[in-house]
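Residues per chain, in single letters:
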Amino acid sequence: MTPIEKVEGRAIPLGLKNVDTDVIIPAHWLKTTSREGMGKGAFETLRADPDNLFDSPEYKGAPILIAGDNFGCGSSREHAAWALGDLGIRVVIAPSYSDIFSGNAVKNGILPVVLPQAAIDRLMEVARTDPVHVDLDTQTVTTPFQDRFAFEIDPFRKMCLIEGLDEISLTEKSDAAIAAYERQLDTDRPWLRPAAA
Amino acid sequence: MTRPRTLYEKIWDAHVVEQRPDGTCLIFIDRHLVHEVTSPQAFAGLRASGRTVRRPDLTLAVPDHNLPTTVRKDAAGNKLPIADAESAAQLAALEKNAPEFGIRYIDAVAPEQGIVHVVGPEQGFSLPGTTIVCGDSHTACHGGIGALAFGIGTSEVEHVLATQTLLLQPAKTMEVRVEGEVGPGVTAKDIILHITGTIGAAGGTGHVIEYTGSAIRALSIEGRLTVSNMAIEGGARAGLIAPDETTFAYLKGRPYAPRGADWDAAVAYWKSLATDPGATYDKVVVIDAAEIAPSVTWGTSPEDVVPITGVVPDPASFADPSKQAAAAKSLAYMGLEPGTRMQDVAIENIFIGSCTNSRIEDMRAAAAIVKGRRKADNVKWAIVVPGSGLVKAQAEAEGLDRIFTDAGLEWREPGCSACLAMNPDKVPAGERCASTSNRNFVGRQGPGSRTHLVSPAMAAAAAVTGRLTDVRELMA
Ligand code: SF4
């Protein structure tokens, strides 16, 4: 997973509330075999409009997305985080998220920043013309116009994102304990190894 | 002496690799079942990070979810291609990933191929007292042989492949005790539908349910797998039934089950797992088996259960206003009027299959009802999908396939089929299906499909009468 510390760039001023995972990635994309390429399906219904933000020259490849309340609600599909990541989004800024989505986002190296609606409104304005700067280390979002918004994040999630640690890497730190458990298992319950069929 | 523990607590304790300060535990996974739909991205993730599968020996892969249930080989024995490009790609990915990562693989046309949750116990790969995971929510099924089994998402599949562990919070425990004897025509499916109707779709949330009592003990392993399969429909993380002589007799001699001295040691261990006298559960529900009738669902939640002798309920009859609204919405979707007798509901489609009800006992129960009868004219589509190639072969050896086809039902190749309609087996919009599967959700059997969950015998009865039917009327 790519570590995140500072992200600077254009922010897509989407601003919609209750963006559900069906909007982020429609169900027919679930029948795929790869996480890559899913960016094509990201926001497919919104992008059917030729004048959509995502494909406009200013915002194409933008690393930040600004949205309204309850981002990522609906079905628990992890594909939503994959699709955002593949689209190039590293940071989402919204007033609130569904729990499952924010968990999936962090697992996939995407920073979900929570800011009050007033800050969102201001950032939406700035994003129309200028870049936005997100600093995870100092937990701030700043603009070229002296705006400075501080945000909270769970320290464990922050550490995972800054070090680029996914859950597997974290568990791998317990490798010795797993190996010890496996050795003990071979002594205590040797019959657990499946018989060769 | 340590304090008395439940079956769940014993299995949990035996699998803790590490405990974190917040109570989360790193749990060792003894068995990992893999299928084509939820695994491709997990393998891709391993490849991208240069990881391997930690314990390929504890992993078994078999395709089931989106395989067509029509003939899979041509006359010359060559595999026929799958028409749907995405399904074909998922199958091709599993065919490539399994050997690349050194995992045992049961091919789509192998004689043992079938639904993961049918194959696991049938091969003796699933064992009592083990932790079992699979990227499918009905993994709870394996609780029927006394395994702690639950469904996981794709990133967890990757986590288990890489580390053979999962980070989990301990669950609360719930006992559902079914005492007494069930009446004629009442099967394991009716027991679990009745339980789900009683505790509600969220009744087991945060809990692992242990099913106990004389009515559960009396069930065959097939029946116990049916009960535990739907633990998740009651909101529980998993279901469990204590392993006993019935379990040992079922598993002995299966291909991956322990043998010789290993077998004896295993049985001794399994016998020690039963809940200790004096152990307590966080929640207890007691059900009188004699009160359970052949059951059927009327709505779009598996808790929407009535006896077949009952009527479609009036939404106003529910105390909870949110349930009233949900019931009204369900009835609109299902095209049903309150007060309609369930037995007057006409059925156009029949699905006998899924990991809930596709084992040999289910095939026999359905065949016993259709034998010597004909499918009703208003039934347009009736398919019987055995849970595995071995179930299929056994049923054919007993002549059950002929009984079905003589009655006008189709006899198919094994797979998940119309349980989730990811393959071509779909119920048309607006039509009803008497289905032996586990979920009656909106659109589960195809967009606009209307599902009535029933037992195999009840589905067979609906096939021959063309309406939901009290199977007891057709029993000799
Ligand atoms: S039959 Fe249905 S519930 Fe069972 S494994 Fe297949 S899709 Fe899942």
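Here the residue index of a chain counts from 1 through its sequence in written order. In the order they appear in the text, chains get letters beginning with A and ligands get numbers beginning with 1. Predicted model: local features are reported for residues with pLDDT of at least 70 only, side-chain atom pairs are reported and counted for 80 or more only, and whole-chain, interface and lining totals are derived from all residues. The side-chain quantities take in all heavy atoms of the structure and omit both hydrogens and water.

A word on the overall build of chain B. For chain B, the count of helices and strands is 15 helices and 19 strands. A radius of gyration in this sense is built from C-alpha atoms; the matching globule rule multiplies 2.2 Å by the number of residues raised to 0.38. Its C-alpha atoms give chain B a radius of gyration of 22 Å, near enough to 23 Å, the size a compact globule of 476 residues would have. For chain B, the spread of C-alpha atoms along the principal axes amounts to about 60 × 55 × 45 Å. Accessibility here uses a 1.4 Å probe with only protein chains present; expressed as a share of the type maximum, an area under 20% marks a residue as buried, one over 50% as exposed, and anything in between as partly exposed. Here chain B holds 476 residues, and 63% of them are scored as buried. Taking all contacts inside chain B whose residues are at least 6 apart in sequence as the whole, residues at least 24 apart take part in 76%. Accessible surface, chain B as shown: approximately 16,000 Å² in total, 55% of it carbon and sulfur. Under the DSSP-based scheme used, a helix requires at least four consecutive residues in state H or I and a strand at least two consecutive residues in state E, with every element numbered from the N terminus. The contact rule is simple, with two residues in contact once any of their heavy atoms fall within 4.5 Å. Areas reported as accessible are Shrake-Rupley estimates using a 1.4 Å probe. Residue values count occlusion only from the protein chains shown.

Of the pockets and cavities examined, the second largest pocket occupies roughly 700 Å³. Here a cavity is any set of points on a 1 Å grid over the protein atoms alone where a 1.4 Å probe fits but cannot get out, and a pocket is any open set with protein on both sides within 12 Å along at least 5 of 7 lines; a residue lines the site when it has an atom within 4 Å of a point. Forming the boundary of the second largest pocket are 27 residues, of which Met1(A), Arg35(A), Trp82(A), Lys107(A) and Asn108(A) lie nearest the centre. Contributions of two or more residues to the lining of the second largest pocket are made by helix H3 (79–87) and helix H7 (167–172) of chain A together with helix H2 (40–49) and helix H5 (154–163) of chain B. Under the convention adopted here, Pro, Cys and the residues Ala, Val, Leu, Ile, Met, Phe, Trp and Tyr are nonpolar, Asp, Glu, Lys and Arg are charged, and Gly plus all remaining residues are polar. Grouping the amino acids of the lining of the second largest pocket by side-chain chemistry returns eight nonpolar, eight polar and 11 charged. Grid points are joined across faces, edges and corners, and a volume is the space filled by probe spheres set on the points.

Residue and element names in this part refer to chain B. Every residue lining the ligand is accounted for by His65, Ile115, His117, Asp136, His138, Ser354, Cys355, Cys416, Cys419, Leu420, Asn438 and Arg444. Residue classes in the shell around the ligand are distributed as five nonpolar, five polar and two charged. How far each domain reaches was decided by an automatic or database domain assignment. When residues of the shell around the ligand are assigned to domains, at least three map to each of domain 1 (7–168) and domain 3 (296–474). Residues are counted as near a molecule or strand when any one of their heavy atoms sits within 4 Å of it.

This part takes up unusual backbone geometry. All names here are of chain A. Not every positive phi belongs to a glycine, and asparagine 70 is a case in point at roughly 60°. Relative to the helices and strands, asparagine 70 is located in the loop between strand E3 (64–66) and H3. Residue asparagine 70 is classed as partly exposed on the basis of its relative accessible area of 28%. Of note in this structure, glutamine 146 is not a glycine but carries a positive phi near 70°. With respect to the element layout, glutamine 146 can be found in the loop between strand E7 (140–142) and strand E8 (148–150). Owing to a relative accessible area of 73%, glutamine 146 belongs among the exposed residues under this scheme.

Residues and elements named next belong to chain B. Pairing between strands is defined by DSSP: at least two bridges between them are needed. Spatially, the four strands line up as an open sheet ordered E11-E10-E9-E12, and their pairing is parallel. Edge strands, defined here as strands with exactly one partner in the open sheet, are strand E11 (238–240) and strand E12 (283–288). Neighbour-to-neighbour, the strand axes of the sheet open up by a mean angle of 20°, direction not taken into account. By the bridge criterion, three bridges tie strand E10 (residues 207–212) to E11 in an arrangement that is parallel. Within the sheet, the bridge partner assigned to glutamate 210 lies in E11 and is leucine 240. Here an axis means a line fitted to C-alpha atoms, over the contact stretch when the element is a helix, while the angle between two N-to-C directions is reported on a 0 to 180 degree scale.

In this section: the nonpolar core. A general feature of soluble globular proteins is that nonpolar side chains tend to end up buried together. Residue types Ala, Val, Leu, Ile, Met, Phe, Trp, Tyr and Cys, when buried and joined through side-chain atoms within 4.5 Å, form a set referred to as a nonpolar core. Of all hydrophobic cores here, the largest spans 57 residues; its most connected members are Phe43(B), Ile103(B), Leu161(B), Leu166(B) and Trp270(B). Ranked by residue count, the leading element in this core is helix H10 (residues 260–271) of chain B, at five residues. Both domains that meet at this core, namely domain 1 (7–168) and domain 2 (172–242 + 269–291) of chain B, each give it at least three residues. Contact partners of Trp270(B), with chain neighbours within four places excluded, come to Trp191(A), Leu127(B), Pro128(B), Pro243(B), Phe248(B), Leu251(B), Pro258(B) and Trp263(B). Judged by nonpolar contacts, the second largest core, of 50 residues, contains Ile115(B), Met334(B), Met342(B) and Val370(B).

All names here are of chain B. Taking the numbering used here, the UniProt-annotated feature "binding site: [4Fe-4S] cluster" (unreviewed entry) corresponds to Cys355, Cys416 and Cys419. A maximum C-alpha distance of 8.6 Å is found for the annotated residues, which run over 65 residues; spatially they form one tight group. Residue cysteine 355 is classed as buried on the basis of its relative accessible area, which comes to 7%. Cysteine 355 has contacts with Ile115, His117, Val118, His138, Cys141, Asn229 and Asn438, leaving out every residue within four places of it along the chain. Note that cysteine 416 resides in the loop between strand E17 (410–411) and strand E18 (432–435). Among the residues examined, cysteine 416 registers a relative accessible area of 7% and is labelled buried. Beyond its immediate chain neighbours, meaning those up to four positions away, cysteine 416 contacts Asp64, His65, Ile115 and Phe351. UniProt positions are given in the numbering used here, feature names are shortened, and annotations may be inferred rather than shown by experiment.

This part takes up the state of the cysteines. The definition used for a disulfide is geometric: two cysteine sulfur atoms within 2.5 Å. Counted under the stated rule, the structure contains zero disulfides over all chains. Considering cysteine sulfurs only, Cys419(B) is the nearest to Cys433(B), which forms no disulfide, with 11 Å between them.

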